[in-house]
Amino acid sequence: MKPRRVGMARGYEEMDGANVPRPPGSTGPVGGGSSGVDSTTSVVGGNPGSPTTAPTGGTMLTGAAPEFELASVSVVPDDTYTVTQAVNALGFGWFQVKLSLCVGLCWMADSMEMTILSVLGPALHCDWGISRYQQALVTTVVFLGMMLSSTFWGHLSDRYGRKPALTLCGVLLFLYGLLSSVAPSFGWLLLLRGLVGFAIGCVPQSVTLYAEFLPTKQRAKCVVLLDCFWALGACFEVALALAVTPTLGWRWLLGLSAAPLFIFAIITPWLPESARYHVTSGQSDKALNTLEQIAKDNRRPMLLGRLVVEGPSGSRGSLKALLGSSLRRTTLLLWFIWMSCAFCYYGLVLMSTELFGGKNKTIADVGMADDGVTIDCQPLATTDYMDLLWTTLAEFPGIFATIYVIEKFGRKKTMALQFLFYAGCVLLITVTEVRVFLTIILFMARGVIAGLFQAAYVYTPEVYPTALRSVGVGGCSALARLGAMATPYIAQVLFQSSIWSAVTVYGIFAACASVACMLLPYETRGADLAH
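As the structure is a prediction and not an experimental result, all values here were calculated from the model.

Moving on, we get to the overall build of the protein chain. Looking only at helices and strands, the protein chain features 19 helices and six strands. Nonlocal contacts in the protein chain, meaning residues at least 24 apart in sequence, comprise 80% of its contacts between residues at least 6 apart. For the protein chain, the exposed area adds up to about 20700 Å²; of that, 66% sits on carbon and sulfur atoms.

What follows concerns the nonpolar core. Membership of the largest hydrophobic core comes to 145 residues, with the highest contact counts inside it found for Met-114, Leu-291, Tyr-346, Tyr-422 and Ile-429. In terms of residues, this core owes the most to one element, helix α13 (residues 328-357), which gives 17 residues. With sequence-adjacent residues up to four places away left out, Met-114 is seen in contact with Val-142, Phe-143, Met-146, Ile-200, Trp-230 and Tyr-346.

A separate point is the packing of aromatic side chains. Counted according to the given criterion, the structure contains 19 aromatic pairs. Seen in terms of ring centroids, Tyr-133 and Tyr-489 are 6.4 Å apart; in terms of plane orientation they differ by 35°. Their pairing is tilted. On the criterion of sequence distance, the pair formed by Tyr-133 in helix α3 (residues 132-160) and Tyr-489 in helix α18 (residues 466-497) is long-range, its members being 356 residues apart. Among the residues examined, Tyr-489 registers a relative accessible area of 30% and is labelled partly exposed. Both rings, one in Phe-343 and one in Phe-509, keep their centres 4.7 Å apart while their planes meet at 35°; by these two values the pair is tilted. Here Phe-343 is found in helix α13, whereas its partner Phe-509 is found in helix α19 (residues 499-519), with 166 residues between them in sequence. Owing to a relative accessible area of 5%, Phe-343 belongs among the buried residues under this scheme.

All told, the structure shown has nine salt bridges when counted by the stated rule. Across the salt bridge formed by Lys-98 and Asp-297, the nearest N and O atoms sit 3.1 Å from each other. Placement of the pair is Lys-98 in helix α2 (residues 94-127) and Asp-297 in helix α11 (residues 284-298), with a sequence separation of 199 residues. By sharing partners, the salt bridges in this structure join Asp-384, Asp-387 and Arg-435 into a single network.

The geometry of α3 relative to helix α5 (residues 186-200) is characterised by a closest axis approach of 6 Å and an angle of 35° between their N-to-C directions. For the crossing formed where α3 meets α5, the hand is right-handed. Here Gln-134, Leu-137, Val-138, Val-141, Val-142, Gly-145, Met-146, Ser-149, Phe-152 and Trp-153 of α3 come into contact with α5, specifically with Phe-186, Leu-190, Arg-193, Gly-194, Gly-197, Phe-198, Ala-199 and Ile-200. Counted by class, the contact of α3 with α5 contains 12 nonpolar, five polar and one charged residues.

Glancing now at the side chain of Thr-331. With respect to the helices and strands, the residue Thr-331 is situated in helix α13. One polar contact links the side chain of Thr-331 to the main-chain carbonyl oxygen of Leu-322, over a distance of 2.7 Å. Not counting the four nearest positions on each side in its chain, Thr-331 is found in contact with Leu-322, Leu-323 and Tyr-464.

One can find Ala-165 in helix α4 (residues 162-180). Separated by 103 residues in the primary sequence, Ala-165 and Thr-268 have C-alpha atoms spaced 9.8 Å apart. Those residues within four positions of Ala-165 in sequence are excluded, and the remaining contacts are Trp-153, Leu-156, Ser-157 and Cys-202.

A few words now on the packing of α18 against α19. Between α18 and α19, the shortest axis-to-axis distance is 6 Å and the interhelical angle comes to 150°. As the angle between them shows, α18 and α19 are arranged roughly antiparallel. Across the interface between the two elements, Thr-487, Ile-490, Ala-491, Leu-494, Phe-495 and Ser-497 of α18 pack against Ile-499, Ser-501, Ala-502, Val-505 and Tyr-506 of α19.

Quick look at the confidence of the model for the protein chain now. Detailed reading of predicted coordinates is not advised where the pLDDT is low. Chain-level statistics for the protein chain give a pLDDT mean of 77 and a share of 79% at 70 or above. By mean pLDDT, the top-scoring element of the protein chain is α19 (93), and the lowest-scoring one is strand β2 (residues 68-70) (39). For the stretch residues 1-76, pLDDT sits under 50, and the model shows 136 contacts to residues farther than four places along the chain or on other chains. Predicted confidence is poor over residues 360-374, with pLDDT under 50, and the contacts of this stretch with residues over four places away or in other chains come to 28 contacts.

By the element assignment, Thr-140 lies in helix α3. Overall, the relative accessible area of 9% leaves Thr-140 in the buried class. On a C-alpha basis, the gap between Thr-140 and Thr-487 in space is 8.2 Å, while along the polypeptide they are 347 residues apart.

Positive phi, close to 55°, is recorded for Arg-299, a residue that is not glycine. Here Arg-299 shows up in the loop between α11 and β4 (306-307).

Quick notes on the rules
- Residues numbered from 1 in each chain as written.
- Predicted model: local features only at pLDDT ≥ 70, side-chain atom pairs only at ≥ 80, totals over all residues.
- Heavy atoms only, no water.
- Helix = DSSP H or I, 4+ residues; strand = E, 2+ residues; numbered from the N terminus.
- Contact = heavy atoms within 4.5 Å.
- Areas by Shrake-Rupley, 256 points an atom, 1.4 Å probe, with all protein chains shown as cover.
- Core = buried A, V, L, I, M, F, W, Y, C linked by side-chain atoms within 4.5 Å.
- Buried < 20%, exposed > 50% of the residue type's maximum accessible area, 1.4 Å probe, protein only.
- Phe/Tyr/Trp six-rings, centres within 6.5 Å; stacked < 30°, edge-to-face > 60°.
- Salt bridge = Lys/Arg side-chain N within 4 Å of Asp/Glu carboxyl O.
- Axes fitted to C-alpha atoms, helices over the stretch in contact; angles between N-to-C directions.
- Left-handed = near helix turned anticlockwise from the far one by under 90°.
- Nonpolar A, V, L, I, M, F, W, Y, C, P; charged D, E, K, R; others polar.
- Polar contact = N/O pair within 3.5 Å; in protein donor to acceptor, adjacent residues only side chain to side chain.
- Parallel < 35°, antiparallel > 145°, perpendicular 65-115°, else oblique.
- pLDDT = per-residue confidence, 0-100.

Below you can see the structure in the form of structure tokens.
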């Protein structure tokens, strides 16, 4: 990037390939091509804030210096630009690649903490002799912490920024995850896993931060690709459980699973703060510094002009605003969709363990409950871990299929079709006991529900305005945790007494959520993030 011209205000730079000299007396674009600038808008002069209408076809800077035309930069009236225009103009490059790796690590760590629940319950069932309801409670308490904290993290992110919230989240996750591995009793384990859930409630804010730095054309694909890191974390956790649990036990598994959280806690100070957050909170200088860093990393010229707020900020971080007349229908439908999505996703994960582990039912040597009742222990065998790994790998094709479908059919139709496909898959579980066919059915269901979760993560930040985006995502995440809290009692308790009843519940929820997707009032495909 060239240095700023002498006397030019902050934010104005000469741009390679953008400022093209015009021959004296010419009225059309240089080279006879389109200038790429709004034909009705132009700015004159080395004095910012002195807009003048120029002839159609370009924008000129007048004065002693030769005339210039902006050949490749979009300029808005009064020589200003917004964060959205800057992000779109600076494109996708090295800055977004680095951010993808940081946010992806956060998602990987979150995935590991969630996947471990499907392994931890059966291990505690055999080691401590806990009942089925206590086993379900281990899962429920994590999601309870996530639900209670989601709105808290949303408010914190909207008021103090995404970066401080994610930094605190990384530190707390590592601390509570490590302490869980040395819990002396079932009560302490429940408390510490609940605190882990409280910290995990901030993870959706990483998607908000990530989406705000993505150009419109790449935003959906990149957010969906985050699920690759989720799937990678889930696969890594299953492989780690296979290597550690049979010999070292579940405590070592909990401790080693906290390693990615430690790495994320270390790198969070280098995360960028949201430029949109800085602008809407009146810190335009910091937002401009962030945009200049993007331009430097992506090797793109910085936009000419003055950075401005994209629209009225309205009520910042207000849950009440989400239920206002303009957003009430969208918010209520999204709450039900997210709740159903989490209910179905985690239900399938837990059911997979029950289906595979149930083949190894034995009477544990020390499996006596407190009331003297013998506990049926179901340790996972190597073949069970391998089948779990295969079904987890299904998330990768599910991701890539969603990338294609979400751009072709739009967000609403994609989510609706995926819910219906999931409903069909889970109902097929009851028609076969052949392990190969069962694995194939679970593979297809896991792939489609994983893609569905990411489609929801794409749509939600797009439909809410900047001032409400974090609290909007946080509120949806809270309702998702409510669904996840209920699912252990269907997938682990009801499933043991009636497989048909359990899968019917999931099928009904998925079908209702499909209808809710089609009732959403807005389709956001190809649209800029709402202001």
